[in-house]
Structure formats: structure tokens, C-alpha cells
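Inside the fold
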Amino acid sequence: MTQSKQMEVPASNIENAVEYTVADAVVKELVRAGVTTAFGIVSIHNMPIYDAILRDETIHLVCARGESGAVNMADGYARATGKLGVVITSTGTGAGNAAGSLIEAWAAGVPLLHLTGEVASPYLGTGRGYIHECKDQLSMMEGCSKKAIRLRIPDQASAVVRQAIKDAEEAPTGPVTLEIPIDFQSAIISDHSLEEMKIAPAINSYTNFPEDALLKVIHAKRPVIWAGGGVISADASSELTELADIIGAAVITSQSGKGSIPEDHPQCVGHFASYAETKELLANADILISVGVRFRGNETSNWKVRVPGEHISIDADWQAMNRNYEATYGIVGDAKHILGQLVNELSTKQLQRDEAYVKEVKAVREQLRAQLRATLGPYEQIMDHMRAALPKETVLVRDVTVQANVWGSRLFEIYQPRTSIHASGGGIGQGLPTAIGAQMASKDRKVVLMAGDGGFMVNVGEMSTAAQEELPMIIVLFDDGGYGVLRNIQQNAYGRQVAVDLLSPDFVQMSKSMGFEAVRIGSPAEFEVQIKKAVKSVKPMMIVVDMEAVGPMAKPFSGPPGAADSFKPKKL
């Protein structure tokens, strides 16, 4: 656990309850773990847990409008803070509604505890039609979570909850589902003491950075670092930046790794791994140091991006080694410690970085950005107005939409860890509830959502959640009357389009009816005025960008590299 998770938390008021139940034990364990916010929907199959939270008075409950959104909120909260996200859903259909968002949390490696009910224990697996019954809920949850557990003995509640939290937070982090039959939740149990004794590690007991790998780094003349979300999870951004400075490395980031190095750093190539200039840089590199990277298919042109023969892979997950790219030297452990050890070792050496190579890296960085800017047309101004108006610590959440894909994830600069959140699994419509969770994590800073009109409608009801919680979030909604990303991919692949044009509501009127301030703009100049107003507002705000009025991009977005080729008819 990080130091922040070990801080003292208020003692649970549950201890004073007349009758101590499984639900009370669940809440007591959440409070012990430092949980102060939980998301979900109340149901007849989780009411005992909700009532225990009410009686305890320690945890703030955020009432979502759908289970899918509730999981996204817990996900966004966890990503913005690094703490455990907690979501409480109902049984059967409620748990099923949560499944898609749990897949997103799994894809992003988010530490999340999903508490769900189950039918009464005598009816489990009987198929008798008990309300909310699912044929095999545990298997469904196992398929979309890191792990799924069922409480089988009420007296084990404290131990099982504590283990579930530990499983979610241990590398590789991810969502863990714990299902509790409804009759167990109200079962009266004893409040026994439960403590864990650990062996404290000796001071300076960690091993040094492996000598063979160290020599490879020292002798490298054209090093490249590929930084992923594991850098941010390990709080290793300062160590990574220091390493890049010492060895003069180019730094590529995955989408999850945005913010692992300030994106105004002259050696930060950024999220451009599949671009031709970056491919050439990698082809001519003599070593790659990857840190906490998944090497996702959509970020590597389905693994067609080639990496150097010498590859030092650093990851907290044993199974990450050689999963997508061969590692000549794999190092498993905490990235903060490993990078810190490497920096310490290098600081004692007479190391001279190749300034000609550093200059080349800067040129590649500038070339990539200039080429992409040239495709934006009027949206270049919108991007610049947005970055200029927003504080550096603003959290940018991106749904799957053209503008987010093209420039929100690449050209909009991120300066701090945990201020960039995106859909790792690629599912549309999760941006709004994820942004709500991120804003719940820190109401004193702005959270901005970039979304498209098509995806936004998936979870549009969660606007009421944001209004109810009085969140000062900003939604920038790019309205092109449908699924813009799919339109362009279809056009590029088939020369025609199907099922991508949508009838949308009047987003301004809808937003106002749901407690938001809202305005529609049709030019970059209008956007500049409204984004400045939104930054100063303490109310939730939506800016609808009328893409027809603003005009087209200079070069239409045709999808990720190689996307169209994937859909053209071919023999297998």
C-alpha cells in the first residue's frame, strides 16, 4: 500500500451498533481501507449495505442513474486519486449492467472493488425464478473482472472483504467483484478482531539494478523510453523524467502513460508510437526501456511497430514479460524503486548523453506535432483556446470521438500524472460517468470531458448525478449528428456508410433541464469566450460545438492506422 492508503481514518461508528451484521462488517472494512466515497444504485439486494453506510456516516454515497455509469464513476475516482474505487450494484440485471464498465476498469488496470448482491443462499443455482436471479452470476463477473469472489460463510465477511481489497490493489491492479447473497447481508455475526502481521523489510534491503542491464543503458547512444500507465500507478513520473534527462532518451508514451513525463518536455515524443517518424526513430534506436506498458494493438498498429533488439522491460506484472514484444532483459517489480535505483547507479558514472541525438529527438517531436496540427483546420484554434484557458492541473477525460482521438490524446498537452483519463478498452459513452468520478475525487480543480454526441447519449442520464452532486465539471460536446469515428472508417473501408447517422436532442435545452449551464457555439472565437466563462463557473457547464457550423477538419480522420484494412474483404 502507498503511504496515502496507510493514513489514519476515523473509527467506524458501526462498532456501536446493537446488532452487528455482515453489512456492518463490509462497511467497517471499507472505512478501515480509507474509503470515503462510494458509487452505486440502491436495490432490494444491497439495501442492508446501504443502510449500514448510512448508520456509519463515514462514506459519502453518490447515487448514479445506472450501474454501468456507477462503475465508470468509481473507475474515474480511482484513476484521478490512485485510491481504491468502490461501487455497489444489485444482483442479476444490475450486475450485468456493470459488466461492460468492469471490462474497461480491467483493461485500464484500475484498483476497484465491486460489491454486488446475490439471490438468497438457499436459491443459488436452482433456477427457480428468485427475483433478479442470474444463471451463473459469479462466472459472468469472473469474465469481466480481475477476480470474482462469493461470500459463502457469513462469519468470514471481514476477512473476505479485506482480501478482495488486497487483490484489487496488488499488481497487476484491477477490479475485483465480491457478491454477497441477500440473506447473508443481514446475518448477525460477531465483531471479532482481525489483524495482519507483516515482516518489515530491512532498510536498504532491495537489490541493485541488474549489472548487465545497467551496462546496456550506459553504452546506449540512441535510447528510447516507452512509458505506460504503470509509471503513473507506481508514482514514478519524477524518476522517469530524471532518467530521460540523464541518458538523453526519446520518450514515447502510451495513451495511459500521458502525464508520466510533462508533455512540454523537449524529449517527449508522446502518444505517437504508430506514426512513421516514431517508427523510424525506434528502428534506429539501440535500446528500448519500456516501463509499465501494455503495448496495446491499437497503439502499435496491431504490433507492426518494430522495437530495437535490445529491450529492457520493467513491469509489476510477471505475465507482462514477452507478451507482445520480446524483452532481452525483464525486470519485475515496483517501477518507482527500479527507476530510482537505475538513476542512482547512473549518477555515479561518467555518462555523457549524445546531444546530436537529443536534437534529433526534438526535431521528430516538433515534426509530428506540426504534421498533425496541419490536419485540424478550425479545430486547431479550439484546441489552443482550450489549453490556454484551462489550468495545468485540469483533468482531461476523453470519450471515444474524433476530436479526442485526433488531438485530445496527442496534441493537448498534459503536464501532471493522473490528469489524463481515456477509455483504455475503446468503448464509447463511458466518458461522462468517468469524468463525474474524477470530479468527485477533487472538487477544487476542473475536470473537462471531451465527448461526441453519439457516445454521449449512452450514459446521458448521469448528467443528473453531476448536477445533484453540484460538480463544477465542463463538458465539451462535439456534435456531428452521429458516430463520426465510424463514419470515417466505413467511408475509408467501403466507400459508403450505414447506421451512423443519429437523431439527437437539443443538447442545450436538455442540459439546462438537467441542471447544467449550456451554450452552443459555431466558431473558434465563440468557443474561446465560453471556455473562459466555464473555467470561472462553479456550476456544471456544457459547451456544444456545432461541427457543421465550425467546418470540417483540413484532413478527415480515417481511423487508427490500418483500421480500414481490417474490414475489407479478404481470405483468411
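As a reminder, the structure under discussion sits directly above these lines.
Residues numbered from 1 in each chain as written. Predicted model: local features only at pLDDT ≥ 70, side-chain atom pairs only at ≥ 80, totals over all residues. Heavy atoms only, no water.

Let's shift gears to the overall build of the protein. The helix and strand tally for the protein stands at 23 helices and 18 strands. Considering only C-alpha atoms, the protein reaches an extent of 75 × 65 × 55 Å along its principal axes. Each of the 572 residues in the protein was classed as buried or not, and the buried ones make up 56%. For the protein, contacts bridging at least 24 residues in sequence account for 76% of all contacts bridging at least 6. (Helix = DSSP H or I, 4+ residues; strand = E, 2+ residues; numbered from the N terminus. Buried < 20%, exposed > 50% of the residue type's maximum accessible area, 1.4 Å probe, protein only. Contact = heavy atoms within 4.5 Å.)

On to helix H21 (residues 524-536), then. Over its 13 residues, H21 runs 19 Å from end to end, which matches the ideal 18 Å to within 8%, given 1.5 Å per residue. Regarding H21, the residues found buried are Pro524, Phe527, Gln530, Ile531 and Ala534. Summarising the axial view, the buried residues of H21 lie within an arc of 120 degrees, below the 170-degree limit, and thus occupy one face. In H21, the exposed positions that point more than 90 degrees away from the buried face belong to Ala525 and Lys536. Taken together, the buried residues of H21 touch helix H14 (379-389), strand E16 (474-479), strand E17 (517-521) and strand E18 (541-546). (Expected span 1.5 Å × (residues − 1). Arc of directions from axis to C-beta.)

Let us now look at the sheet that holds strand E6 (residues 175-181). Read across the open sheet, the six strands follow the order E2-E1-E3-E4-E6-E5; overall the sheet is parallel. Single-partner strands in this sheet number two, and they are strand E2 (60-63) and strand E5 (147-150). Neighbour to neighbour, the strand axes of the sheet diverge by 25 degrees on average, direction disregarded. The sheet contact formed by E5 and E6 spans four bridges and is parallel. Its bridge partner lying in E6, Arg150 is registered against Glu179. Together, strand E1 (37-40), E2, strand E3 (85-89) and E6 form the strand contacts of helix H2 (residues 47-56), whose direction differs from that of E3 by roughly 130 degrees. (Pairing = 2+ DSSP bridges. Axes fitted to C-alpha atoms, helices over the stretch in contact; angles between N-to-C directions.)

Moving on to the nonpolar core. Counting 54 residues, the largest nonpolar core has Trp226, Tyr379, Met386, Trp407, Phe527 and Val545 as the members making the most contacts within it. Among all residues touching Met386, those that are not within four sequence positions of it are Leu396, Trp407, Phe412, Val448, Met450, Val476 and Phe527. Membership of the second largest hydrophobic core comes to 49 residues, among which are Val397, Met440, Val447 and Ala466. (Core = buried A, V, L, I, M, F, W, Y, C linked by side-chain atoms within 4.5 Å.)

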